[in-house]
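The lines below spell out each chain.
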Protein chains: 2
Amino acid sequence: MSRVSPTPSPLSEEPFLDEGVAARLKRDASGLVCAVVQQHDTAEVLMVGWMDDEALRRTLTSGRVTFWSRSRREYWRKGDTSGHVQYVRTVALDCDGDTLLVRVDQVGAACHTGARTCFDDHDLAAAQGHPDE
Amino acid sequence: MSRVSPTPSPLSEEPFLDEGVAARLKRDASGLVCAVVQQHDTAEVLMVGWMDDEALRRTLTSGRVTFWSRSRREYWRKGDTSGHVQYVRTVALDCDGDTLLVRVDQVGAACHTGARTCFDDHDLAAAQGHPDE
């Protein structure tokens, strides 16, 4: 007999986000926090996505990054269609609870365009600042 | 006679955000985009703030990072009260126009708590993911 359903880890059987974590989240009007995704070894900022409590719960318990897609209004486990999986290394919540920093091991391109990051070759014209000015 | 008002650079005399840039921005319901701030040489993610068109214009033209404070509902040029200035190096807009990556030279602590980054020592308990799972 083949077994096709994934085996959940013990942690992922918890149905709700940890209460202590949930209490620290400062969600926007849509119930979301911002998630900055960074490659764990090179420190590249790969992309930014959005998580509600359930997306964060899945991310913390499964080892795979899951976002809430604001445009499609559905959960989106990175890599399920593209193969460009993000394996979780660490997740930090910022000082005021409205932003996550998710350090990952990114398989292939993080951007849907095929670029490594969503910021590649998108620099705007900007004046540089210097301490002596 | 003393001269106390700052001397604007030629670029900062432009009253509006560049039209081409403005056309690419995908603002949220509050007219804001997310701005991830990264130390240019170490690649640390320092903090995340929010910008409207005017905050971005000031950031692109002045060499200093300016945010829109959602809580205080006012512009906030980083470092004006704390001394923890962010000097702009590069600014990139992501593939879908709703997030900026601002690379800076950060003076001192980026976090209002005095920590170097807003994510220091704030790791959540998280299961790590691995390709063989």
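Please refer to the structure higher up on the page.
The following refers to the structure shown. (Residues numbered from 1 in each chain as written. Chains lettered and ligands numbered in written order. Predicted model: local features only at pLDDT ≥ 70, side-chain atom pairs only at ≥ 80, totals over all residues. Heavy atoms only, no water.)

**Remarks on the sheet that holds strand E2 (residues 45-51) of chain A**
Hydrogen bonding along the main chain pairs the strands of a sheet, whether they run parallel or antiparallel. With respect to topology, five strands assemble into an open sheet ordered E2(A)-E1(A)-E6(A)-E5(A)-E7(B), the strand pairing being mixed. Each edge of the sheet is formed by a strand with only one pairing partner; in this case those strands are E2 of chain A together with strand E7 (123-124) of chain B. Looking at chain direction, strand E1 (residues 33-39) of chain A and E2 of chain A are connected through six bridges and run antiparallel. Pairing of Gln38 of chain A across the sheet is with Val45 of chain A, part of E2 of chain A. (Pairing = 2+ DSSP bridges. Helix = DSSP H or I, 4+ residues; strand = E, 2+ residues; numbered from the N terminus.)

**Details of the nonpolar core**
With 70 residues, the main nonpolar core has Met51, Leu56 and Leu100 of chain A together with Met51, Leu56 and Leu100 of chain B as its most contacted residues. Not counting residues up to four positions away in its chain, the partners in contact with Leu100 of chain B are Phe119 and Leu124 of chain A together with Val33, Cys34, Ala35, Val36, Met51, Leu56, Val91, Ala92 and Leu93 of chain B. (Core = buried A, V, L, I, M, F, W, Y, C linked by side-chain atoms within 4.5 Å. Buried < 20%, exposed > 50% of the residue type's maximum accessible area, 1.4 Å probe, protein only. Contact = heavy atoms within 4.5 Å.)

**So, the sheet that holds strand E2 (residues 45-51) of chain B**
Strands sit in the order E7(A)-E5(B)-E6(B)-E1(B)-E2(B) across an open sheet of five strands; the sheet is mixed. Every other strand in the sheet has two partners, leaving strand E7 (123-124) of chain A together with E2 of chain B as the edge strands with one partner each.

**Quick notes on the pairing of strand E3 (residues 66-69) of chain B**
Residues and elements named next belong to chain B. Because side chains alternate across E3, one face comprises the buried residues Thr66 and Trp68, and the other comprises Phe67 and Ser69, equally buried. In this sheet, strand E4 (residues 74-77) lies alongside E3 in antiparallel orientation, the contact comprising four bridges. Residue Ser69 lies in a different strand from E4, and its bridge partner there is Glu74. Taking the residues between adjacent antiparallel strands as the criterion, E3 and E4 are bridged by four residues, where Arg73 takes a positive phi near 55°.

**Observations regarding the environment of Asp105 of chain B**
Residue and element names in this part refer to chain B. Mapped onto the secondary structure, Asp105 falls in strand E6 (residues 99-106). Sequence spacing of Asp105 and Lys78 is 27 residues, and the spatial spacing of their C-alpha atoms is 12 Å. Not counting residues up to four positions away in its chain, the partners in contact with Asp105 are Gln39, His40, Val85, Gln86, Tyr87 and Arg89.

**So, the interface of chain B and chain A**
Many authors give the size of an interface as the accessible area that is lost as the parts come together. Contacts between the two partners involve 42 residues from chain B and, on the opposite side, 42 residues from chain A. Of the roughly 3,800 Å² buried between chain B and chain A on both sides combined, carbon and sulfur atoms contribute 63%. At the boundary of chain B and chain A, one finds two salt bridges. Secondary-structure elements contributing two or more residues to the side of chain B that touches chain A are helix H1 (19-24), strand E1 (33-39), E2, helix H2 (53-62), strand E5 (86-93), E6 and E7 of chain B. Of all the elements, E5 of chain B adds the most residues to the side of chain B that touches chain A, at seven residues. Each residue belonging to the side of chain B that touches chain A can be placed in one class, and the counts come to 25 nonpolar, eleven polar and six charged. Relative to E7 of chain B, strand E5 (residues 86-93) of chain A is paired through two bridges, and the arrangement is antiparallel. Across the sheet, residue Ala92 of chain A finds its bridge partner in E7 of chain B, namely Asp123 of chain B. (Buried area = accessible area lost by both parts, 1.4 Å probe. Salt bridge = Lys/Arg side-chain N within 4 Å of Asp/Glu carboxyl O. Nonpolar A, V, L, I, M, F, W, Y, C, P; charged D, E, K, R; others polar.)

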